[in-house]
Amino acid sequence: MSKGNFYITTPIYYPSAKLHIGHTYCTVATDAMARYKRLQGYNVKFLTGTDEHGQKIEDKAKEAGCTPQQFVDDIVLGQGGVLDLWKLMNISYDRFIRTTDDYHVAAIQKIFKKMYDNGDIYKGKYAGKYCKPCESFWTESQLVDGKCPDCGREVQGTEEEAYFFRLSKYADRIQDLLENTDFLEPRSRVHEMVNNFIKPGLEDLCVSRTSFTWGVPVDFDEGHVVYVWIDALFNYMTALGFCNDKYDDLQAFWPADVHFVGKEIVRFHSIIWPAMLMSLDLPLPKKVFGHGWLLLDGGKMSKSKGNVVDPYILAERFGVDALRFFLLRSFPFGSDGNFSNELLISTINTDLANDLGNLVSRTVAMAQKYFGEKLPAQQVEDPELDAELVAMVSGLRDKYEEHMEHYAFQNALAEVFKVISRANKYIDENAPWVLAKREENKPRLARVLYNLLETVRVCAGLLIPFTPATSEEIAKRLGGAAMDWDSLNAFGVLPADVATLAGPALFPRIDMEKELAALEELSKPKSEIEIEPYAEEAVDFDTFCKSDFRAVKVKDCQPVKKSDKLLQFTLDDGTGTDRQILSGIAKFYKPEELIGKTLLAITNLPPRKMMGRESCGMLLSAIHTVKGEEKLNLVMLDDAIPAGAKLC
Ligand code: ME8
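As the structure is a computational prediction, the values presented were derived from the model and not from experiment.

Residue-level account of the pattern of salt bridges, with values.
Counted according to the given criterion, the structure contains 37 salt bridges. Where Asp-257 meets Lys-286, a salt bridge forms, and the shortest distance between an N and an O atom there is 2.9 Å. Placement of the pair is Asp-257 in the loop between helix H10 (250-253) and strand S11 (258-262) and Lys-286 in the loop between helix H11 (266-279) and strand S12 (288-291), with a sequence separation of 29 residues. Owing to a relative accessible area of 14%, Asp-257 belongs among the buried residues under this scheme. Lys-286 sits in the partly exposed class, given a relative accessible area of 47%.

Here's what the structure looks like:
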């Protein structure tokens, strides 16, 4: 029986560049929450998607020489794109929205018109500042040192006819919502919103643009496109069927239970979004949670700063579950966290390899070594030795739940790992290898191992939201153990004669030094240009000096019939007699562009026949590869150098 519906969303991502570990962080957190709610028995709708309009995308597409639609299609659907990344990271979204989807575009037009009709959107003149990277309008007074208060970059002055949304009208209601309800969390973000944006006076918001076209057209006023944030924010409702017939889930899932968003877009979600919903008399989402950033060297990762961390590389090297786990174990979700490869590796080694991995492999290995496939049902408890572990395991789910309900992933995981450490200590206290020495201790030994297997079951079950594939594997190793929500609050769910299955280490230990060096190597910017490897064999000076390099002038150059490679050169080599050289460069040059040029030839090679014609020497060229494509340039000398001049 479902406990009810639960609707959770990530921000929809700008496909202006490939996504990095910061984007992955938010999506993994949302996925963990969605899986947790499913585990509890909720009917979950998890929405993610891409926010594809706006001037930034239009500009990027222009730079890339394609249409904006082609540009976003490549980043969303292309190899290594958004969909690929979510598949790799095992993101269990139920719906994916693209703001270029027809149903969404038509819905946004209807929504804009509704607010125009109810008087909350009106036409005026916009004169102010615009930050293109943030797609944000600012007034002079909001700028910090004349720059965008969000990202610190230059803003541009703009003046254009535009539509405005009466944000000012909703200032009091929004302030009340923020201050007197738990709509926005963490609470620290409330003070920031109220003090920085509401108290100084909420101004009406410019909600249309005429200076670019890549957006949802205002259908009743040609030339205007809808401000990208209106287009983007309403995705949370159009994806359920608001103002469209594509879906029919609005009744069941709106209002959203929680929107997870990064801290820099809390303003849009906690001021503009509820104000627009108020304008349309729609229920407000129950919660907006503003998470912190993953920082690199103390600063926010961004493609433009060139300091992004590639989730593909990390997932490939460490495994998807290890990466997911690290992101939520290492940083408190509501605050910023400093990403580093050292922290990633040490988290994997400590928690996953040493604590969890060892507990699973030691326990299963001992169960098999001492009893074969199944534990014997005859077991002896020792209340004194067992009580603490059993109590910790039995109380774990409630503690974990308390933290998860507050989006405190790190604390929830800390509770699980306290129990895992306790279980490892329990192994040492009970020394199964000593018990195994005497037959009469076998029933006690069986109970010790049972308690450990039961501990592993509960911990692995509670880890499902974080490490879904590993939890599934552990369930198999415990003979297909139950890991449903109710079973995670009880001790003694495994049958006494549980069958175990051995397997390879869940998380092999990583050699920190070696791995850091390998990651360093991988993070070096790769040139798209490849050059030929240098010769390893030395050539002695005298041999080299025997080569006769001469400047030659091209008198004539012709294609060679039946050859798509060869060009035939007639060259002035300064001797008074023409020299003929054939060269396989037809792919790179048209014969006529070479006539008159001064080239470099090696002239004392023995003559060779090619396609029945004699070639007396070789023309020198420079070769390299760009993105796998071979490039060749003939070495051209200054035309002032006379034919026959010797190069030495
Ligand atoms: O903001 N650490 O899209 P976006 C943590 N299209 N989170 C990070 C991060 C980092 N280093 N870098 C980015 C947008 N993010 C809008 C959303 S919703 C209606 C429209 C997070 O692709 C960032 O905080 O720029 C934001 O929540 C999300 O990635 C999407 O960023």
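After presenting the structure, the write-up continues.
Residue-level account of the layout of surface pockets, with values.
Empty space left among the atoms is revealed by rolling a probe the size of a water molecule over them. Taken as a whole, the largest pocket holds about 1300 Å³ of empty space. In this structure, the largest pocket is lined by 46 residues; those nearest its centre are Tyr-14, His-23, Lys-56, Glu-264 and Lys-300. Elements with a contribution of two residues or more to the lining of the largest pocket: helix H1 (21-40), helix H2 (55-64), helix H8 (228-233), helix H9 (235-238) and H11. For the lining of the largest pocket, the per-class residue count stands at 19 nonpolar, 13 polar and 14 charged. Counting the residues that make up the lining of the largest pocket, at least three belong to each of domain 1 (5-104 + 230-314) and domain 2 (123-224).

Help me get a handle on the site of the ligand, residues and values and all.
By nearness alone, 24 residues border the ligand, and Ile-12, Asp-51, Gly-262, Glu-264 and Leu-294 come closest of all. In this structure, Asp-51 approaches the ligand through a side-chain N or O atom, which is 2.6 Å from a nitrogen atom. Leu-294 places a main-chain nitrogen or oxygen 2.8 Å from a nitrogen atom of the ligand. Summarising the interface, the protein chains cover 95% of the accessible area of the ligand, which totals 660 Å² for the free molecule. Judged by the fraction of its atoms near the pocket grid, the ligand is located in the largest pocket. Looking at the shell around the ligand, the elements that each hand over two or more residues are H1, H8, H9 and S11. When its residues are assigned to classes, the shell around the ligand shows 13 nonpolar, eight polar and three charged.

Can you explain the state of the cysteines? Please cite residues and give values.
Overall, the coordinates contain zero disulfides when judged by the stated rule. The thiol sulfur of Cys-151 is not disulfide-bonded, and the nearest other cysteine sulfur, from Cys-134, lies at 3.7 Å.

Which residues make up the side chain of Arg-422, and what values do they have?
Along the chain, the position of Arg-422 falls in helix H16 (residues 409-430). In this structure Arg-422 touches Glu-388, Leu-389, Met-392 and Glu-429, once residues within four positions along its chain are discounted.

Break down the sheet that holds S11 for me, with residues and values.
If you walk across this open sheet you meet the six strands as S3-S2-S1-S11-S12-S7, and the pairing is parallel. A single partner strand is all that each edge strand has here, and the edge strands are strand S3 (95-98) and strand S7 (184-185). Across two bridges, the pairing between strand S1 (residues 5-9) and S11 is parallel. From the neighbouring strand, Thr-9 faces S11, where its bridge partner is His-259.

Give me the lowdown on the packing of aromatic side chains, citing residues and values where you can.
Using the criterion set out here, one finds 36 aromatic pairs in the structure. Between Phe-544 and Phe-549 the ring centres are 6.3 Å apart and the planes differ by 40°, which places this aromatic pair in the tilted class. Here the aromatic cluster, defined as three or more aromatic residues joined through ring pairs, consists of Tyr-25, Phe-260, Phe-289, Phe-326, Phe-331, Phe-333, Phe-339, Tyr-407, Phe-409 and Phe-466. The cationic tip of Arg-95 hangs over the ring face of Tyr-247; the distance from NZ or CZ to the ring centre is 3.7 Å.

Explain the side chain of His-269 residue by residue, including any values.
On the secondary structure map, His-269 appears in helix H11. Assessed through its relative accessible area of 1%, His-269 is described here as buried. One polar contact links His-269 to Tyr-236, side chain to side chain, over a distance of 2.7 Å.

Tell me about the packing of helix H15 (residues 383-405) against helix H18 (residues 442-462), residues and numbers included.
Where H15 meets H18, the closest approach of the two axes is 10 Å, and the angle between their N-to-C directions is 15°. Taken together, the axes of H15 and H18 lie roughly parallel to each other. Where H15 crosses over H18, the two elements pack in a sense that is left-handed. On the side of H15, the interface is formed by Leu-385, Asp-386, Leu-389, Val-393, Leu-396, Arg-397 and Tyr-400, while H18 contributes Arg-444, Arg-447, Asn-451, Thr-455, Val-458, Cys-459 and Leu-462.

Help me get a handle on the nonpolar core, residues and values and all.
Residues Phe-260 and Phe-409 are the most contacted members of the largest nonpolar core, which totals 108 residues. Element by element, the count of residues in this core is highest for helix H14 (residues 341-371), at 13 residues. Both of domain 1 (5-104 + 230-314) and domain 3 (340-489) provide at least three residues apiece to this core. Beyond its immediate stretch of four places on either side in the chain, Phe-409 contacts Ala-29, Ala-32, Met-33, Phe-260, Leu-328, Phe-333, Met-404 and Phe-466. The next biggest cluster of nonpolar side chains, apart from the first, holds 75 residues, and it includes Leu-167, Ile-174, Val-261 and Phe-268.

Kindly report on a nonpolar patch on the surface, identifying the contributing residues and their values.
Side chains of Ile-529, Ile-531 and Tyr-534 sit close together on the surface and give an oily, nonpolar patch of about 400 Å² of accessible area. Mapping Tyr-534 onto the fold places it in the loop between strand S16 (529-530) and helix H21 (541-546). For Tyr-534, a relative accessible area of 72% translates into the label exposed.

Describe H16, naming the residues involved and giving the relevant values.
In a regular helix each residue adds 1.5 Å, so 22 residues correspond to 32 Å; H16 covers 32 Å between its end C-alpha atoms and thus fits that length. Positive backbone phi, at 35°, marks Ala-431, one or two positions downstream of H16.

Explain the pairing of strand S2 (residues 43-50) residue by residue, including any values.
A large share of S2 lies buried, amounting to seven of its eight residues. Here S1 pairs with S2 via five bridges, running parallel. What sits directly across from Thr-9, in S2, is Leu-47. For the segment spanning S1, H1 and S2, crossover handedness is right-handed.

Outline the packing of H14 against H18, listing residues and values.
It is the contact of H14 with H18, at a shortest axis distance of 10 Å, that shows an interaxial angle of 150°. Judged by the inter-axis angle, H14 sits roughly antiparallel to H18. For the pair H14 and H18, the crossing hand works out as left-handed. Every residue of H18 that contacts H14 at Leu-359, Val-360, Thr-363, Val-364, Met-366, Ala-367, Tyr-370 and Phe-371 is listed here: Lys-442, Leu-445, Ala-446, Leu-449, Leu-452, Leu-453 and Val-456. Here the residues of the contact of H14 with H18 sort into 13 nonpolar, one polar and one charged.

Conventions adopted
- Residues numbered from 1 in each chain as written.
- Predicted model: local features only at pLDDT ≥ 70, side-chain atom pairs only at ≥ 80, totals over all residues.
- Heavy atoms only, no water.
- Salt bridge = Lys/Arg side-chain N within 4 Å of Asp/Glu carboxyl O.
- Helix = DSSP H or I, 4+ residues; strand = E, 2+ residues; numbered from the N terminus.
- Buried < 20%, exposed > 50% of the residue type's maximum accessible area, 1.4 Å probe, protein only.
- 1 Å grid on protein atoms, 1.4 Å probe; cavity = no way out; pocket = protein on both sides within 12 Å on 5 of 7 lines; lining within 4 Å.
- Points joined across faces, edges and corners; volume = space filled by probe spheres on them.
- Nonpolar A, V, L, I, M, F, W, Y, C, P; charged D, E, K, R; others polar.
- Domains from an automatic or database assignment.
- Near = heavy atom within 4 Å.
- Polar contact = N/O pair within 3.5 Å; in protein donor to acceptor, adjacent residues only side chain to side chain.
- Areas by Shrake-Rupley, 256 points an atom, 1.4 Å probe, with all protein chains shown as cover.
- Sits in = over half its atoms within 2 Å of the grid points.
- Disulfide = S-S within 2.5 Å.
- Contact = heavy atoms within 4.5 Å.
- Pairing = 2+ DSSP bridges.
- Phe/Tyr/Trp six-rings, centres within 6.5 Å; stacked < 30°, edge-to-face > 60°.
- Lys NZ or Arg CZ within 6 Å of the ring centre and 35° of its normal.
- Axes fitted to C-alpha atoms, helices over the stretch in contact; angles between N-to-C directions.
- Parallel < 35°, antiparallel > 145°, perpendicular 65-115°, else oblique.
- Left-handed = near helix turned anticlockwise from the far one by under 90°.
- Core = buried A, V, L, I, M, F, W, Y, C linked by side-chain atoms within 4.5 Å.
- Patch = residues over 30% accessible without salt bridge, like charges linked within 9 Å, V, L, I, M, F, W, Y side chains within 5 Å.
- Expected span 1.5 Å × (residues − 1).
- Right-handed = clockwise from strand over helix to strand, strands pointing away.

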